[in-house]
Amino acid sequence: MFFTTDLATISHGIQLAVAPVFLLTAVSGMIGAVAGRLARIIDRARLLEDRIEAAPADNPMTAQYIELARLRRRGTLVNACIALLTFCSILIGLTIVVLFLGETTELQIYRIATFCFLAGVLFFLAALLCFFAETVLATRILKFGRRRDL
């Protein structure tokens, strides 16, 4: 495998490989936001579990169990979202490596870069769908001042 020593080619390879880094920035920001949502879901579930354990034996705590089930569904969606974002990051990172190697060596691997980038974008879109579904579930729980029958 031949690595180029031409400064212009190396500079162009770096410029080409840096463009997907902006997507990585968006993904890392989204992971932070989704991880925050997961932390709130876990905190709320722990609170409900403590209330259920402290309740008298004759209290069925039906509303709390229903809310726990909803939190479990939301947690599943958030975990899927984080997994998809992680796979997206890996694929975008591979895209950067492949683009740089394709530009600075004799390897003809641009098809791999295309596949990695498009797969990464698809994983990002799937993560957005999970995020959207989780936010819809989260807002369904809200009562907005009205009494809601369970």
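Everything below is about the structure printed above this text.
Reference entry: report on the structure contained in this document.

What counts, and where the lines are drawn
- Residues numbered from 1 in each chain as written.
- Predicted model: local features only at pLDDT ≥ 70, side-chain atom pairs only at ≥ 80, totals over all residues.
- Heavy atoms only, no water.
- Axes fitted to C-alpha atoms, helices over the stretch in contact; angles between N-to-C directions.
- Helix = DSSP H or I, 4+ residues; strand = E, 2+ residues; numbered from the N terminus.
- Parallel < 35°, antiparallel > 145°, perpendicular 65-115°, else oblique.
- Left-handed = near helix turned anticlockwise from the far one by under 90°.
- Nonpolar A, V, L, I, M, F, W, Y, C, P; charged D, E, K, R; others polar.
- Phe/Tyr/Trp six-rings, centres within 6.5 Å; stacked < 30°, edge-to-face > 60°.
- Buried < 20%, exposed > 50% of the residue type's maximum accessible area, 1.4 Å probe, protein only.
- Core = buried A, V, L, I, M, F, W, Y, C linked by side-chain atoms within 4.5 Å.
- Contact = heavy atoms within 4.5 Å.
- Salt bridge = Lys/Arg side-chain N within 4 Å of Asp/Glu carboxyl O.

Bringing the packing of helix α3 (residues 62–104) against helix α4 (residues 110–141) into the picture now. Where α3 meets α4, the axes come as close as 7 Å, and the angle between the chain directions of the two elements is 160°. In terms of their interaxial angle, α3 and α4 are classed as roughly antiparallel. For the pair α3 and α4, the crossing hand works out as left-handed. Classifying every residue of the contact of α3 with α4 gives 29 nonpolar, three polar and five charged.

Taken as a whole and judged by the stated rule, the model has one aromatic pair. Here the aromatic rings of Phe 87 and Phe 123 are separated by 5.7 Å at their centres, their planes lie at 45°, and the arrangement is tilted. Of the two residues, Phe 87 sits in helix α3 while Phe 123 sits in helix α4, which places them 36 residues apart along the sequence. Its relative accessible area of 28% is what places Phe 123 among the partly exposed residues.

Right, let's get into the nonpolar core. Among the nonpolar cores identified, the biggest contains 23 residues, and Val 27, Met 30, Val 34, Cys 81, Leu 85 and Phe 124 are the most heavily contacted of them. Residues within four places of Cys 81 in sequence aside, it is in contact with Met 30, Val 34, Ala 127, Cys 130 and Phe 131.

Next up on the list: the pattern of salt bridges. Summed over the entire model, instances satisfying the criterion amount to three salt bridges. In this structure, Arg 37 and Glu 134 form a salt bridge, with 2.5 Å as the shortest nitrogen-oxygen distance. Residue Arg 37 is located in helix α2 (residues 21–54), and its partner Glu 134 is located in helix α4; the two are separated by 97 residues in the primary sequence. Assigned by exposure class, Arg 37 and Glu 134 land together as buried. Each of Arg 37, Arg 74 and Glu 134 takes part in salt bridges that share partners, so that together they form one network.

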